[in-house]
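# Descriptive structure summary
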Amino acid sequence: HKRDAAPPVRHGGKEEGFALSGLAHCGSCGGRMIGVSRKQSWSRKRDGGRSEAVYRYYRCGSRVNQSVCSYHTWRAEELEEAVLASIATAIDQASGKLAGMSATDLRALVKGRIKVLDTRFNRYLDGAAKDANDLDRLRRLSYPLLREGHRLQERLRVLDEAGGREALQAAWWQQQRERLTDLRAQWATLGQADRRLALGDLVQDRKSTRLNSSHVK
């Protein structure tokens, strides 16, 4: 996405993990957008106390590292919502893209996804075994994985039967939409690592199914 240039920010700040760091690219120069959080504090006139606020946003990494671009910035929540909306549109526009895929390639695609789901579930399970605080994370995030894996396995079993390929293709796109719906519903409760993981999944699946594989802009 392209954003109007903003004036340079003068106070200190630090970079930290953001959901779109490395996935979003500047619409002007193509450089990667990086996430930055900045803390501001100020004195309150009414009582003489101090207030603090943390601002999270993305800015062009080319400007930061190479001084070759302007200060294109997005508020973090605005860019993340714009990317989610863009992915939803891309899924709707590409729902017929598997039509020409052979049964062999379709089987490989779906088996690859099922393997990712199994790996993800085991990772959440291991985390919960090591840290009780991860139990809630396991409960929230494991159900969509298990649901998706079960549905794809069921369709995979009948792939070679009459209408099996069409049923699996339909299930694939249904899962894409449900994954995005789940992600948007859980977004506010997810940590940055889980947001990034889920977004990376959706972007990668766009590439593997021959959708528009240009970088998120």
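Residues numbered from 1 in each chain as written. Predicted model: local features only at pLDDT ≥ 70, side-chain atom pairs only at ≥ 80, totals over all residues. Heavy atoms only, no water.

## Concerning the packing of aromatic side chains
By the definition in use, this model includes one aromatic pair. Residues phenylalanine 18 and tyrosine 58 carry aromatic rings whose centres are separated by 5.3 Å and whose planes lie at 75° to one another, so their mutual orientation is edge-to-face. Here phenylalanine 18, found in the loop between β1 (14-15) and β2 (33-43), pairs with tyrosine 58, found in strand β3 (residues 50-60); they are 40 residues apart in sequence, far enough to count as distant. An identical accessibility class is assigned to phenylalanine 18 and tyrosine 58; each is buried. Between the NZ or CZ atom of arginine 56 and the centre of the ring of phenylalanine 18, over which it lies, the distance is 3.8 Å. (Phe/Tyr/Trp six-rings, centres within 6.5 Å; stacked < 30°, edge-to-face > 60°. Helix = DSSP H or I, 4+ residues; strand = E, 2+ residues; numbered from the N terminus. Buried < 20%, exposed > 50% of the residue type's maximum accessible area, 1.4 Å probe, protein only. Lys NZ or Arg CZ within 6 Å of the ring centre and 35° of its normal.)

## What to know about the packing of helix α3 (residues 103-130) against helix α5 (residues 164-186)
Between two packed helices, what matters for the description is the angle formed by their axes and the separation of those axes. Axis separation between α3 and α5 bottoms out at 11 Å; the angle between their running directions is 35°. The two elements α3 and α5 meet at a crossing, and its hand is left-handed. Listed contacts from α5 to Ala103, Leu106, Leu109, Val110 and Arg113 of α3 are Arg165, Leu168, Gln169, Trp172 and Arg179. Taken together, the residues of the contact of α3 with α5 sort by class into six nonpolar, one polar and three charged. (Axes fitted to C-alpha atoms, helices over the stretch in contact; angles between N-to-C directions. Left-handed = near helix turned anticlockwise from the far one by under 90°. Contact = heavy atoms within 4.5 Å. Nonpolar A, V, L, I, M, F, W, Y, C, P; charged D, E, K, R; others polar.)

## Some words on the nonpolar core
Membership of the largest hydrophobic core comes to 46 residues, with the highest contact counts inside it found for Tyr58, Ile87, Leu106, Val110 and Leu199. Looking at this core, the elements with two or more residues in it are β3, α2 (76-93), α3, α4 (135-157), α5 and α6 (192-208). The dominant element in this core, judged by the number of residues it contributes, is α2, at eight residues. (Core = buried A, V, L, I, M, F, W, Y, C linked by side-chain atoms within 4.5 Å.)

## Description of the confidence of the model for the protein chain
The share of residues in the protein chain with pLDDT of 70 or more is 83%, and the mean pLDDT across the chain is 78. Scored below 50 in pLDDT, residues 208-217 makes 22 contacts in the model with residues more than four places away or belonging to other chains. (pLDDT = per-residue confidence, 0-100.)

## Some thoughts on the side chain of arginine 113
Locating arginine 113 in the fold gives a position in helix α3. Polar side-chain contacts of arginine 113 include one of 3.2 Å to the side chain of aspartate 201. (Polar contact = N/O pair within 3.5 Å; in protein donor to acceptor, adjacent residues only side chain to side chain.)

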